[in-house]
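# Notes for the structure review
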Amino acid sequence: MGASAAASDTEDSGPGGARRPGGRSARVQQAVYSAVGELVGRGHRDTMTIPQVAEIAGVNPTSIYRRWGSITALLEEVAVAVLTRGEDIPDTGTLRGDLDAWATIIGADITRPRRRAYLRALVNSRDEPVELCPCWEIRRAQAETMVERARVRGEAAPTVTAILCHIIAPLYHHAVFGLPIDDEFAAGLAEDTMRMALDG
């Protein structure tokens, strides 16, 4: 994947859909994001370093260290931007329909080769457990929105934790390990999660 391809994955927003900074800061960010994408595309997701990113991006390594601090933090930011960019939370009128559509959308997205590569890069950059994972927190916020809408409608709803553990975790697990994800699998996760809520 070249720099232009990586840029197309991140040009609209920063992590979590946040607006990117303007001016020179925005140009530096885009160049660095594109450089990370290029290195991931070359198969260097496990070995890339900040000096490598800086060389491809045409920026001083000090600028990257100052802004991101470490290659892990940089990879996390890029992965979040790529993996959650431009998503709308489904609103089908029922929680079952929302979870089904949500799981299907996420499953289709993270199995795309570039998305899978970014996700693996993020996972492989971590040597120890972390206290906070931005991708996970974004999914948590989305789940909270859907659950709250369901409660307003008077629907039985699983907990947000159950949704994360029984829908998001299996999807990301399958993506990282290259296991198949299709619409039937994603819909099945949503169905099982709703069944647990109704049985409970």
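Residues numbered from 1 in each chain as written. Predicted model: local features only at pLDDT ≥ 70, side-chain atom pairs only at ≥ 80, totals over all residues. Heavy atoms only, no water.

## Focus: the confidence of the model for the protein
Reading predicted coordinates in detail is not appropriate for stretches of low pLDDT. Per-residue pLDDT for the protein averages 84, and the proportion of residues at 70 or more is 87%. By mean pLDDT, the top-scoring element of the protein is helix α9 (residues 160-177) (96), and the lowest-scoring one is helix α1 (residues 3-10) (40). Here residues 1-21 scores under 50 on pLDDT; set against residues more than four positions off or in separate chains, the count is 57 contacts. (pLDDT = per-residue confidence, 0-100. Helix = DSSP H or I, 4+ residues; strand = E, 2+ residues; numbered from the N terminus. Contact = heavy atoms within 4.5 Å.)

## Looking at the pattern of salt bridges
Counted under the stated rule, the structure contains 12 salt bridges. A salt bridge links D98 to R149; its shortest N-O distance comes to 3.1 Å. With D98 in helix α6 (residues 95-110) and R149 in helix α8 (residues 134-153), the pair connects residues that are 51 residues apart, well separated along the chain. Residue R153 pairs with E155 through a salt bridge whose shortest N-O separation is 2.5 Å. Overlapping salt bridges, with partners in common, bring together D91, D98, R149, R153 and E155 in one network. (Salt bridge = Lys/Arg side-chain N within 4 Å of Asp/Glu carboxyl O.)

## Brief notes about helix α4 (residues 61-68)
By the burial criterion, the buried members of α4 are S63, I64 and W68. Along the axis of α4, the buried positions cluster into a sector of 100 degrees, meaning they face one direction only. A distance of 2.8 Å separates the backbone nitrogen of T62 from a side-chain oxygen at the start of α4, and that oxygen is part of N60. Trailing α4 by a residue or two, G69 shows a phi angle of about 85 degrees, which is positive. (Buried < 20%, exposed > 50% of the residue type's maximum accessible area, 1.4 Å probe, protein only. Arc of directions from axis to C-beta. Polar contact = N/O pair within 3.5 Å; in protein donor to acceptor, adjacent residues only side chain to side chain.)

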